[in-house]
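Residues per chain, in single letters:
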Amino acid sequence: MLWRRVAGGVIAIAIVWAVEWAASSVLNPYIYRVLVLCSINVILALSLNLVNGITGQFSIGHAGFMAVGAYASAAYTVYAVPVWFGASAGAGWLAAGAFLIAILVGGLVSALAGFLVGLPSMRLRGDYLAIVTLGFGEIIRVIILNIDAVGGARGFAGVPTRTNLAWVLGGAWLTFAVIRNLMKSYHGRALLAIREDEIAAEALGVPTTRYKVTAFVIGAFFAGVAGALFSHYTYLHTNSFTFMKSIEVVIMVVLGGMGSLTGSILGATLLTALPELLRFASSERLIIYSLLLIALMIARPQGILGQRELTLPFRRRRSESRPTLAA
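The written sequence of each chain sets the order in which its residues are numbered from 1. Under the rules for a predicted model, residues below a pLDDT of 70 receive no local features and side-chain atom pairs below 80 are neither given nor counted, while totals for whole chains, interfaces and linings still include all residues. As a rule here, side-chain values come from all non-hydrogen atoms in the structure, and water together with hydrogens is ignored.

1. As for the overall build of the chain
Defined as follows: Strands here are runs of E lasting at least two residues and helices are runs of H or I lasting at least four, both read from the DSSP assignment and numbered beginning at the N terminus. Restricting the calculation to C-alpha atoms gives the radius of gyration, and the globule rule supplies 2.2 Å times the number of residues raised to the power 0.38. Under the scheme applied here, a residue whose accessible area is under 20% of the maximum for its type counts as buried, over 50% as exposed, and between as partly exposed, the area being computed with a 1.4 Å probe on protein chains only. Note on areas: Shrake-Rupley with a 1.4 Å probe; residue coverage comes only from the protein chains shown. We treat Lys and Arg as the positive residues and Asp and Glu as the negative residues; His and chain ends play no part in the count. Lysine's charge is taken at NZ, arginine's at CZ, aspartate's at CG and glutamate's at CD.
Broken down by element type, the chain carries 13 helices and zero strands. When the elements of the chain are put in sequence order from the N terminus, they spell out α-α-α-α-α-α-α-α-α-α-α-α-α. Over its C-alpha atoms the chain spans a radius of gyration of 20 Å, differing by no more than 12% from the 20 Å that the globule rule assigns to 327 residues. With respect to the three principal axes, the spread of C-alpha positions in the chain is 65 × 50 × 45 Å. A buried classification covers 47% of the 327 residues belonging to the chain. Surface accessibility of the chain: about 16,800 Å² in total, with carbon and sulfur atoms responsible for 70%. For the chain, the separation between the mean place of its 24 positive charges and that of its 13 negative charges on side chains is 10 Å.

Dropping the structure here:
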């Protein structure tokens, strides 16, 4: 029912702001920063899982969409917000509203880039699609390096810090909710059919190219949201959006389980926190990190969760007790 969804949204907002208040009061800044970066990577992993895990495509240029969203959002905040909102946009609800618009700007510009890239490239498959998305990510980074208005090779300075744990947790929850509801819909079934057998799906009347482009655009939108949150939290430079960043997000999705949303959350959290937990072994940290990844992939080649989802115990009991039709 509608009122239950509204009440659930209000409760979720209250919870994330309560978590923000508790974390900022109790945790030291280093742990707080790791939690924020974990949540941003969760958004990235969930959005890429929609393309790679659920639709069955192979994109390795996700950092490019993150960069588009980050720089578009930062440029909006630096150049447009002072003109439209004036000095009153520095604090309070007006600042929160301006930041929300900046996040939407980053997501929408990134979605537009996803549409422009996806429309011609989604007719390709396999390695060819990977090459196209890889080229897009590198082209975006080189273009940004040569734009003085956003700092170029120096980085984009002067972007105000707006992101906190509440914003990134809210973004991660919204990303999860949208993609989960999409998977349960008719359109989600079409995406899964494309993943299992694209030729058979097309033979049954599924417009495969349209659905693949749609998934690509939605994934790019949430990657842009992650970039917008990132740009308002730390110093913005193109070194944060290299090819290795795209590979890192792919590893998060594969490690958690292709097609599993909770697996993406688990993989993103694990791969973000694990290097920090291994800092006690400063010289051997990267070696131990690589060996742990290799061991996990040997033990669970399908990912930690595979295609399964983690559910809360009370939700599992409720679904099991739901009456079914007799055969």
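2. Some remarks on a nonpolar patch on the surface
The criterion, for reference: Within this analysis, patches are made of residues with over 30% relative accessible area and no salt bridge. Like charges are joined at 9 Å or less; nonpolar side chains (Val, Leu, Ile, Met, Phe, Trp, Tyr) at 5 Å or less. Here, a salt bridge means any side-chain nitrogen of Lys or Arg that lies within 4 Å of a carboxyl oxygen of Asp or Glu.
On the surface, a cluster of nonpolar side chains totalling about 430 Å² of accessible area is made up of Val26, Leu27, Tyr30, Ile31 and Leu35. Among the elements that make up the nonpolar patch, the one with the highest residue count is helix 2 (residues 29-54) (three residues). With respect to the helices and strands, Val26 occurs in helix 1 (residues 2-26).

3. Examining the confidence of the model for the chain
Parts of the prediction with low pLDDT should not have their coordinates interpreted in detail. Operational definition: Summary of the metric used: pLDDT quantifies the predictor's per-residue confidence within the range 0 to 100. Residue contacts are defined here by distance: any two heavy atoms, one from each residue, within 4.5 Å place the two residues in contact.
On average, residues of the chain score 85 in pLDDT, and 90% of them reach the 70 mark or higher. Note that residues 323-327 has pLDDT below 50 and, in this model, zero contacts with residues that lie over four places away or in other chains.

4. Comments concerning the UniProt feature "transmembrane region" (unreviewed entry) in the chain
What counts here: UniProt positions are given in the numbering used here, feature names are shortened, and annotations may be inferred rather than shown by experiment.
Listed under "transmembrane region" (unreviewed entry) in the UniProt record, and renumbered for this structure, are residues 32-51, 63-85, 91-116, 128-145, 165-183, 213-235, 247-274 and 286-305. Here residues 32-51 is 100% helix and 0% strand, with 30 Å between the C-alpha atoms at its ends. Secondary structure across residues 247-274 comprises 86% helix and 0% strand; the distance between its end C-alpha atoms is 17 Å.

5. With respect to the pattern of salt bridges
Going through the model one piece at a time under the given rule, you end up with three salt bridges. For Arg195, the salt bridge identified is with Glu196, shortest N-O distance 2.9 Å. Classification of Arg195 as partly exposed rests on a relative accessible area of 23%. For Glu196, a relative accessible area of 56% gives the class exposed. Among the salt bridges present, the one from Lys212 reaches Glu198, with a minimum N-O distance of 2.9 Å. Of this pair, Lys212 sits in helix 9 (residues 208-231) while Glu198 sits in helix 8 (residues 198-203), and the two are 14 residues apart along the sequence.

6. What about empty space enclosed by the protein?
Counted only if it meets this: As defined here, a cavity is a set of points on a 1 Å grid over the protein atoms alone where a 1.4 Å probe fits but cannot get out. A pocket is an open set with protein on both sides within 12 Å along at least five of seven lines, and residues line them when an atom is within 4 Å of a point. Grid points are joined across faces, edges and corners, and a volume is the space filled by probe spheres set on the points.
Enumeration over the complete set of coordinates arrives at one cavity of 30 Å³ or more. In this structure, the largest cavity occupies an estimated 50 Å³ of space. As for the largest cavity, its lining consists of Ile60, Gly61, Ala63, Gly64, Leu134, Gly137, Glu138, Phe241, Thr242, Phe243 and Ser246. Where the lining of the largest cavity is concerned, the elements lending two or more residues are helix 3 (62-85), helix 5 (127-145) and helix 10 (243-256). Element by element, the count of residues in the lining of the largest cavity is highest for helix 5, at three residues.

7. Some points on the layout of surface pockets
Within this model, the second largest pocket holds a volume of roughly 660 Å³. Forming the boundary of the second largest pocket are 25 residues, of which Asn41, Ser240, Lys245, Glu248 and Leu271 lie nearest the centre. When contributions to the lining of the second largest pocket are tallied by element, the ones reaching two or more residues are helix 2, helix 10, helix 11 (261-277) and helix 12 (285-299). The dominant element in the lining of the second largest pocket, judged by the number of residues it contributes, is helix 10, at five residues.

8. Some words on the side chain of Thr262
Following the sequence through the fold, Thr262 ends up in helix 11. Judged by its relative accessible area of 12%, Thr262 is buried.

9. Some details on the packing of helix 2 against helix 9
The test is simple: Axis lines are fitted to C-alpha atoms, over the contacting stretch for helices. Their N-to-C directions set the angle, which ranges from 0 to 180 degrees. Note on terminology: angles under 35 degrees are roughly parallel, angles over 145 are roughly antiparallel, angles of 65 to 115 are roughly perpendicular, and the others are oblique. Under the scheme applied here, ten amino acids are nonpolar (Ala, Val, Leu, Ile, Met, Phe, Trp, Tyr, Cys and Pro), four are charged (Asp, Glu, Lys and Arg), and all others, including Gly, are polar.
Between helix 2 and helix 9, the least distance of the axes is 8 Å, while the angle of their chain directions is 170°. Of the possible angle classes, the one that applies to helix 2 and helix 9 is roughly antiparallel. Here Leu37, Ile40, Ile43, Leu44, Ser47, Leu50 and Val51 of helix 2 lie close against helix 9, whose contacting residues are Ala215, Phe216, Ile218, Gly219, Phe222, Ala223, Ala226, Leu229 and Phe230. Of the residues contributing to the contact of helix 2 with helix 9, the split by class is 14 nonpolar, two polar and no charged.

10. Notes on the environment of Arg162
With respect to the secondary-structure elements, Arg162 resides in the loop between helix 5 and helix 6 (165-184). In sequence terms Arg162 and Ala95 are 67 residues apart; their C-alpha atoms lie 8.6 Å from each other.

11. Some words on the nonpolar core
For clarity, the threshold we go by: Here, nonpolar core refers to any group of buried Ala, Val, Leu, Ile, Met, Phe, Trp, Tyr and Cys residues whose side-chain atoms link them within 4.5 Å.
By size, the foremost hydrophobic cluster in this structure holds 83 residues, and its most contacted members are Ile40, Ile54, Leu229, Leu236 and Phe241. No other element matches the 13 residues that helix 9 contributes to this core. Among all residues touching Leu236, those that are not within four sequence positions of it are Ala70, Tyr71, Ala74, Gly155, Phe156, Phe230, Ser231 and Phe241.

12. Section: helix 7 (residues 186-196)
Within helix 7 the residues assigned to the buried category are Gly188, Ala190, Leu191, Leu192 and Ile194. Each element contacted by the buried residues of helix 7 is listed here: helix 2, helix 6, helix 8 and helix 9.

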